[in-house]
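Topology and contacts: notes
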Amino acid sequence: MAASSSVFTASSSRNLATIPLHQSLSPPLLRSSSVAFRPKRRSSSLVFCSTDESKSTAEEKEIPIELRYEAYPTVMDINKIQEILPHRFPFLLVDRVIEYTAGVSAVAIKNVTINDNFFPGHFPERPIMPGVLMVEAMAQVGGIVMLQPEVGGSRSNFFFAGIDKVRFRKPVIAGDTLVMRMTLVKLQKRFGIAKMEGKAYVGNSLVCEGEFLMAMGKEE
C-alpha cells in the first residue's frame, strides 16, 4: 500500500481536514541557513526574602544598647582575690576572676580607668597603660592559679621570676577592659618552678602575650 502524502486524523463523529506533511505543525525554528542562539534575558529585578536573621537584627535594634550585653560572671570578687594575693593599692591590678580551673588556668579582668595612678605620667595627653603593668597584671592572674591548694604555692614565698617572648600587639587605653588568661604549662614542684602562658585581650583583639616563669619558695 502506497504511503500517502497527507496525515489523516480520524474521528468517530466527524472527519477533520488533512494536514500536508510538508507543512510544519508548529512555527518554523530556522528561517535561514545561519543559526543564532539568543538566550532569554533574565529579569533584573531582585527578590528579597524575609529571614529569621533579619527579624533578630530588628529585635536587637529595639533593645537599648545598655541592655544588650551581659556582664562578665564573677567567680572570685575583689575580696576573695585579696585573700589570695598579697598585693594592695596601688599595685593590685586584678579586679575580678571570671573563670577558674583549679591547678590549670584562670581568666580575670582589669578595668582600666582614667583614675589609675599611672595615667598622669603615661601619658598626660594620651593615656596608655604601660606594657610592664600589663605584664604585672597577667603575672598576678598567674599567682591566683599558683597560690591554691591544688598547686601548693606559698603566699609569703611566691615570686615572679621571668618573662620570655612577650609581645605587645595594641595599646590599652583608659576605658578599656583588659581580659587576661593565664595557663599553667609546666610545674616542677621539686625545684619550685612553674611555667605559664599568658594572653590578654581587649574585646576580641589580642593586645599582649608571653611566657611567664614563677618561683615558689618553701614556708619556714
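Because the structure is a prediction, the values reported are computed rather than measured.

Moving on: the overall build of the protein chain. The helix and strand inventory of the protein chain stands at four helices and eight strands. In the protein chain, the order of α-helices and β-strands from amino to carboxyl end is β-β-α-α-α-β-β-α-β-β-β-β. Within the span of the protein chain, comprising 220 residues, buried residues form 29% of the whole. Element-wise, carbon and sulfur atoms account for 54% of the exposed surface of the protein chain, whose accessible area totals about 16000 Å².

Taken as a whole, this structure holds seven salt bridges when the rule is applied. Of the charged contacts in the structure, one is a salt bridge between Lys165 and Glu211, with a shortest N-O distance of 3.8 Å. Linking Lys165 in strand S5 (residues 158-168) with Glu211 in strand S8 (residues 205-216), this pair joins segments that are 46 residues apart in sequence. Through salt bridges with shared partners, one network takes in Lys165, Lys195 and Glu211.

This next bit is on the nonpolar core. By size, the foremost hydrophobic cluster in this structure holds 42 residues, and its most contacted members are Met146, Leu178 and Met214. Of all the elements in the fold, those that place two or more residues in this core are helix H3 (78-84), strand S4 (105-111), helix H4 (131-146), S5, strand S6 (177-188), strand S7 (193-202) and S8. The greatest single-element share of this core, amounting to 10 residues, is contributed by H4.

As a further point, take the packing of aromatic side chains. On inspection of all chains with the given rule, the structure shows two aromatic pairs. With a centroid separation of 4.7 Å and 65° between ring planes, the pair formed by Phe118 and Phe119 is classed as edge-to-face. Here Phe118 matches Phe119 in class, with each residue buried. Taking 5.8 Å as the distance between ring centres and 25° as the angle between the ring planes, the aromatic pair formed by Phe160 and Phe212 counts as stacked. You can see Phe160 sitting in strand S5 and its partner Phe212 sitting in strand S8, a full 52 residues away along the chain. On the accessibility criterion, Phe160 (35% relative accessible area) is partly exposed.

In this fold, Asp176 is placed in the loop between S5 and S6. One buried charged residue, Asp176, remains without a salt bridge, the closest side chain of opposite sign being Arg126 at 9.7 Å. At 3.0 Å, the side chain of Asp176 forms a polar contact with the backbone nitrogen of Ile173. In contact with Asp176, other than residues within four places in its own chain, are Lys110, Asn111, Val112, Pro171 and Val202.

Tracing the chain through its elements places Gln140 in helix H4. Taking the relative accessible area as the measure of exposure, Gln140 reaches 1% and is therefore buried. There is a polar contact of 2.8 Å between the side chain of Gln140 and the backbone oxygen of Phe91. In this structure the side chain of Gln140 is engaged in a polar contact, spanning 2.9 Å, whose partner is the backbone nitrogen of Leu93. Once you skip the residues sitting within four places of it in the chain, Gln140 turns out to touch Leu85, His87, Phe91, Leu92, Leu93 and Val94.

This paragraph deals with the confidence of the model for the protein chain. On average, residues of the protein chain score 81 in pLDDT, and 69% of them reach the 70 mark or higher. Taken as a whole, residues 1-37 scores under 50 in pLDDT and shows 12 contacts with residues more than four places along the chain or in a different chain.

What follows covers the sheet that holds S5. The sheet built from six strands is open, its strands ordered S3-S4-S6-S7-S8-S5 with antiparallel pairing. Of all strands in the sheet, those with a lone pairing partner are strand S3 (96-101) and S5, marking the two edges. Strand-to-strand twist across the sheet, computed as the mean angle between neighbouring axes with direction ignored, equals 20°.

Next up on the list: H4. Along its 16 residues, H4 runs 23 Å from first to last C-alpha, staying within 8% of the 22 Å computed at 1.5 Å per residue. Counting buried positions along H4 gives 14 out of 16 residues, so the element sits mostly inside the fold.

Analysis parameters
- Residues numbered from 1 in each chain as written.
- Predicted model: local features only at pLDDT ≥ 70, side-chain atom pairs only at ≥ 80, totals over all residues.
- Heavy atoms only, no water.
- Helix = DSSP H or I, 4+ residues; strand = E, 2+ residues; numbered from the N terminus.
- Buried < 20%, exposed > 50% of the residue type's maximum accessible area, 1.4 Å probe, protein only.
- Areas by Shrake-Rupley, 256 points an atom, 1.4 Å probe, with all protein chains shown as cover.
- Salt bridge = Lys/Arg side-chain N within 4 Å of Asp/Glu carboxyl O.
- Core = buried A, V, L, I, M, F, W, Y, C linked by side-chain atoms within 4.5 Å.
- Phe/Tyr/Trp six-rings, centres within 6.5 Å; stacked < 30°, edge-to-face > 60°.
- Lys, Arg positive; Asp, Glu negative; His and termini not counted.
- Polar contact = N/O pair within 3.5 Å; in protein donor to acceptor, adjacent residues only side chain to side chain.
- Contact = heavy atoms within 4.5 Å.
- pLDDT = per-residue confidence, 0-100.
- Pairing = 2+ DSSP bridges.
- Axes fitted to C-alpha atoms, helices over the stretch in contact; angles between N-to-C directions.
- Expected span 1.5 Å × (residues − 1).

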